[in-house]
Amino acid sequence: MLRIHGVSKRFVSRDKVVTAVEGVDFEIGAGEFVTMVGPSGCGKSTILNIMSGLMPPTEGAVEVDGEAIRGVTRQVGYVTQQPNLMPWRTLLENVVFPLEIAGVGKEERNRRAEELIGLVGLAGFEKSYPHEMSGGMRQRANIVRTMIYEPKVILMDEPFGPLDAQTRLVLQELLLKLWQRTGVTIVFITHDLHEAIGLGDRIVLLSARPGRVARVDKVPLARPRDIFRMHDSDGFRQLYDTLWVELENQVRGQDA
Ligand SMILES: Nc1ncnc2c1ncn2[C@@H]1O[C@H](COP(=O)(O)OP(=O)(O)OP(=O)(O)O)[C@@H](O)[C@H]1O
Ligand SMILES: [Mg+2]
């Protein structure tokens, strides 16, 4: 349902040209959860920017359900690393904002927001402002603000990066629950191999810059997963070790 083919991106600035990604091809099925890992600076955020329609590729194209993405669209939601909530709006007002823009009536948008806020454990904080919430709470709000308008695809760029290890696990579990409930397609970038394996159906590993698809692996773990325990299984450990070596090679600039 999501196709990225032949995508390259070159940035030209003052006196230099940086090829961020080159010849990236992959396809994602409806309802699939794909995670993406790769060395820092290899073009992960650039790929998401292109997939979201924020930035045109230099070459190639992205299609959702056979339709080329040519700009920002409501079919694709984007959860960035920084929550970027509006500080002058309460939690509820932040979450309903996309529906307000879409012209959904007040009663309907509050009902949908309250349901999602409850699902992510933020009931009771509807009237709190972002500065009165913790980092993990703000990131939950960021996620439900994107889910509320029901995009077909949600792109996530290291959304749990700045959080502590326990909060990350809790939010990973929560994200899997939301994904299973809604059937949305997710593309999730992370630096953390544990996270990539724990969440994904498949993992796309990118090479060092210019980013290309170095390999794609299917995660051999059944669903539903116990995010707190699964790193004990053999399947998890084998995949972790294999990908760790490959990542190390990419970071050191060698081909595996
Ligand atoms: N708007 C831009 N203008 C010029 N160069 C850019 C721009 N955006 C990204 N780049 C360059 O493209 C390359 C890839 O950047 P990108 O942010 O996609 O990497 P990344 O894989 O997301 O890195 P990280 O893991 O550190 O977040 C970098 O060399 C960066 O300097
Ligand atoms: Mg990035």
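Nothing here was measured: the structure is a model prediction, and the numbers come from that model.

Conventions used here
Residues numbered from 1 in each chain as written. Chains lettered and ligands numbered in written order. Predicted model: local features only at pLDDT ≥ 70, side-chain atom pairs only at ≥ 80, totals over all residues. Near = placed C-beta within 6 Å. Helix = DSSP H or I, 4+ residues; strand = E, 2+ residues; numbered from the N terminus. Nonpolar A, V, L, I, M, F, W, Y, C, P; charged D, E, K, R; others polar. Buried ≥ 20, exposed ≤ 12 C-beta atoms within 10 Å, placed from the backbone. Pairing = 2+ DSSP bridges. Domains from an automatic or database assignment. Contact = placed C-beta atoms within 7 Å.

A.B. asks: Got a sec to walk through the site of ligand 1? Specific residues and values, please.
C.D. replies: What surrounds ligand 1 is a group of 13 residues, the closest being F11, A20, K44, S45 and T46. For the shell around ligand 1, the leading source of residues is helix α1 (residues 44–52), giving 3 residues. Of the residues in the shell around ligand 1, the class split is 4 nonpolar, 7 polar and 2 charged.

A.B. asks: Let's hear about the pairing of strand β3 (residues 33–37): which residues, and what values?
C.D. replies: Among the 5 residues in β3, 5 count as buried, and that is most of the element. For β3 and strand β8 (residues 185–189), the ladder comprises 4 bridges, and the chain directions are parallel. Of the residues in β8, the one forming a bridge with V34 is V187. The pairing of β3 with strand β9 (residues 202–206) spans 4 bridges and is classified as parallel. Bridging from a neighbouring strand, V37 pairs with L205 of β9.

A.B. asks: Go over the domain arrangement of the protein chain with me, naming the residues and quoting the values.
C.D. replies: Taken domain by domain, the protein chain holds domain 1 (2–75 + 151–252) and domain 2 (84–150). A C-alpha centroid distance of 25 Å is found between domain 1 and domain 2. Taken together, the 13 residues of domain 1 in the interface contact 11 residues of domain 2. Per-element tally for the side of domain 1 that touches domain 2: the top contributor is helix α5 (residues 165–182), with 6 residues. Partitioned by chemical class, the residues of the side of domain 1 that touches domain 2 number 10 nonpolar, 2 polar and 1 charged.

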